[in-house]
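Below are the chains, spelled out letter by letter.
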Amino acid sequence: MAWDYGQHWTELQANASHFEVQSSKPDDATARTIWIGWAACAVLSTLSSAISVTVMFSSKKVRTSIFNIYLIVLLSSDFFMSFNYAITCLLNVANGGYFGRAMCEFQGFYMMFSMGCSFYINLLIAHEVFRLLSATKRLQPYTPPSRRVVLLRCLGVLLPCAIVSSLGAWRVLPHESRLMRGVLCLPTASGTIGKLSPLLLPIILPLLAYIPTVLALALAAVSWRRKLLNFEQNKIANASSKDLHARAVHRHRVQQTQMLTIYFARIYVVLLLWYPAIGFMLLTVHSPAPTAIGVVFVFVQSLVSAAMSLTIRDVKEAATGLFRRLTCQRTAFEPISISARSKYHNQRTPPVGNTVYNSEAKADIGWHHIYS
């Protein structure tokens, strides 16, 4: 049996309030179309997140990197949201209307929880990349946190997000998840059909979205002001021209900067994609179209996050290796390993002074914690 309330959006008065608009509903055919479209987007998002996480777990080299641990947690939260959203939409379609009260409360929880996880995990990544950039700019060693510390930080983010997102189930505040626009559930004021929750705009959204966004943008502004993404390759090379090993190290550092810049930019692309979603869903427009578009943006940010994670070199290599194993492909020529190639090169290259040139050497500045 369908569970809904509110008047049809075409019956709204021209001067209808924001709360009345949010409480309206579309006709059954429109609601069904919206749910089918959302389900398709959710399935794509679920598959992309699942593929990215599977690729990362398939390689020990990838899953031991602290930055990839953050990405695994982030993509797992996206998978949790997308998978449950697909199930919710399919149940609604099969039911001929919204499935029920329990599903409404659960949807309000997983929507807010996944949003908070996305913002705060990206903030943790931004902070760690900022530390790495600062150390690299000063040509100092970068000491990454241990995996235990990374997991504790993630747990310290997930638990508060879960608590804030579950406020509607506490029944001690004037706040619960209620059906909005007749197609999805968001936090609203309990006992009143036509009002949004007094906690959503002043408390929940700032805690889960606005605060981490401001902190992440502050890190970006400091990085830009200090020119942390601008390395002077010639100056570095000339400063160590007497040491061939050091020159190779610096050259490698500058080459990796471009990949790190892409990695750093991914954080802000994903974060900012949430705001069109929030804005569209809160628009005071009689038609349910803005709400439908806003939810699509939620899945777009998930797809972008999964796609950009595959641009990391080691993740890309792990994906290629997994594909070859699954398709039983064998290459006719297997390239010599880096360690063997370095050993052979050092044997063939005469020493310069007391220094043996090693073209594969890396400085102890932490690049391998991202790319190895």
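The structure this text deals with has already been given above.
The shown structure was predicted, so the numbers you read here are calculated from the model rather than taken from an experiment.

A. Geometry of the overall build of the chain. Helix and strand counts for the chain stand at 13 helices and two strands. Considering only residue pairs separated by 6 or more positions, the chain has 74% of its internal contacts joining residues 24 or more positions apart. Only carbon and sulfur atoms are counted for the fraction: they give 65% of the accessible area of the chain, which is about 18,100 Å².

B. How the structure looks around the packing of helix α2 (residues 28–58) against helix α10 (residues 289–309). Interaxial distance between α2 and α10 falls to 9 Å at its minimum, and their mutual angle equals 15°. Our classification of the angle between α2 and α10 gives roughly parallel. Seen from above, α2 lies across α10 with left-handed handedness. Along the contact surface, α2 presents I34, W38, C41, A42, L44, S45, S48, S49, S52 and M56, while α10 presents T291, A292, V295, V296, F299, S302, L303, A306 and S309. Broken down by class, the residue content of the contact of α2 with α10 amounts to twelve nonpolar, seven polar and no charged.

C. Structural detail: the nonpolar core. W35, W38, Y85, M115, I121, I125 and L184 are the most contacted members of the largest nonpolar core, which has 81 residues in total. Per-element tally for this core: the top contributor is helix α5 (residues 101–137), with 20 residues. For W38, the contacting residues outside a window of four places in its chain are Y85, C89, V183, L184, T291, A292, V295, V296 and F299.

D. Region of the structure containing the packing of aromatic side chains. Considering all chains together, one arrives at twelve aromatic pairs under this definition. With a centroid separation of 6.0 Å and 90° between ring planes, the pair formed by F80 and F113 is classed as edge-to-face. Of this pair, F80 sits in helix α4 (residues 66–95) while F113 sits in helix α5, and the two are 33 residues apart along the sequence. Both rings, one in F119 and one in Y275, keep their centres 5.8 Å apart while their planes meet at 75°; by these two values the pair is edge-to-face. Separated by 156 residues along the polypeptide, F119 in helix α5 and Y275 in helix α9 (residues 244–281) bring together distant segments of the chain. Site record: aromatic cluster; members linked through ring pairs are W38, F80, Y85, F106, F109, Y110, F113 and F299.

E. Quick look at unusual backbone geometry. In the Ramachandran plot, R181 falls in the positive-phi region, its phi being about 60° despite a non-glycine side chain. Turning to its location among the elements, R181 is positioned in the loop between β1 (176–180) and β2 (184–188). Relative accessible area serves as the criterion here: at 1%, R181 is assigned to the buried category.

F. The state of the cysteines, seen in detail. Tallied over the full model, the rule gives one disulfide. The partner cysteine of C104 in its disulfide is C185, sulfur to sulfur 1.9 Å. In this structure the cystine formed by C104 and C185 twists about its S-S bond by roughly -115°; its chirality is therefore left-handed. Taken together, the residues span a long stretch of sequence, with C104 in helix α5 and C185 in strand β2 at a distance of 81 residues. Lacking any disulfide linkage, C89 is separated from the closest cysteine sulfur, that of C41, by 9.4 Å.

G. Local environment of empty space enclosed by the protein. One pass over the full model with this rule turns up two cavities of 30 Å³ or more. Of the volumes computed, that of the largest cavity is approximately 130 Å³. Surrounding the largest cavity, ten residues form its lining, M112, L186, L205, I278 and M281 being those nearest its centre. Where the lining of the largest cavity is concerned, the elements lending two or more residues are α5, α7 (200–225) and α9.

H. Seen up close, the environment of C117. In this structure, C117 sits in helix α5. We classify C117 as buried; its relative accessible area is 1%. C-alpha separation for the pair C117 and P160, spaced 43 residues apart in sequence, amounts to 9.5 Å.

I. Representation of α2 in the model. Between its terminal C-alpha atoms α2 stretches 44 Å, which fits the 45 Å expected from 31 residues at 1.5 Å a residue. N-capping of α2 is provided by D27, with a side-chain oxygen placed 3.1 Å from the backbone N of A29.

J. Main features of the side chain of T213. Among the secondary structure elements, T213 is positioned in helix α7. Owing to a relative accessible area of 9%, T213 belongs among the buried residues under this scheme. Among the polar contacts listed, one links the side chain of T213 to the side chain of Y275, at a separation of 2.7 Å. Residues contacting T213, with those up to four places away along its chain left out, are F119 and Y275.

K. Here's a closer look at the environment of I267. Among the structural elements, I267 can be located in helix α9. Along the backbone, I267 and L123 are 144 residues apart, and their C-alpha atoms lie at a distance of 7.9 Å. Not counting residues within four places of it along the chain, the set of residues in contact with I267 comprises N122, I125 and A126.

L. Layout of a nonpolar patch on the surface. Where nonpolar side chains cluster on the molecular surface, the patch consists of I203, L207, I211 and L215 and spans about 310 Å² of accessible area. Summarising the element assignment, I203 is placed in helix α7. Judged by relative accessible area, which is 37%, I203 ranks as partly exposed.

Definitions and cut-offs
- Residues numbered from 1 in each chain as written.
- Predicted model: local features only at pLDDT ≥ 70, side-chain atom pairs only at ≥ 80, totals over all residues.
- Heavy atoms only, no water.
- Helix = DSSP H or I, 4+ residues; strand = E, 2+ residues; numbered from the N terminus.
- Contact = heavy atoms within 4.5 Å.
- Areas by Shrake-Rupley, 256 points an atom, 1.4 Å probe, with all protein chains shown as cover.
- Axes fitted to C-alpha atoms, helices over the stretch in contact; angles between N-to-C directions.
- Parallel < 35°, antiparallel > 145°, perpendicular 65-115°, else oblique.
- Left-handed = near helix turned anticlockwise from the far one by under 90°.
- Nonpolar A, V, L, I, M, F, W, Y, C, P; charged D, E, K, R; others polar.
- Core = buried A, V, L, I, M, F, W, Y, C linked by side-chain atoms within 4.5 Å.
- Buried < 20%, exposed > 50% of the residue type's maximum accessible area, 1.4 Å probe, protein only.
- Phe/Tyr/Trp six-rings, centres within 6.5 Å; stacked < 30°, edge-to-face > 60°.
- Disulfide = S-S within 2.5 Å.
- 1 Å grid on protein atoms, 1.4 Å probe; cavity = no way out; pocket = protein on both sides within 12 Å on 5 of 7 lines; lining within 4 Å.
- Points joined across faces, edges and corners; volume = space filled by probe spheres on them.
- Expected span 1.5 Å × (residues − 1).
- Polar contact = N/O pair within 3.5 Å; in protein donor to acceptor, adjacent residues only side chain to side chain.
- Patch = residues over 30% accessible without salt bridge, like charges linked within 9 Å, V, L, I, M, F, W, Y side chains within 5 Å.
- Salt bridge = Lys/Arg side-chain N within 4 Å of Asp/Glu carboxyl O.

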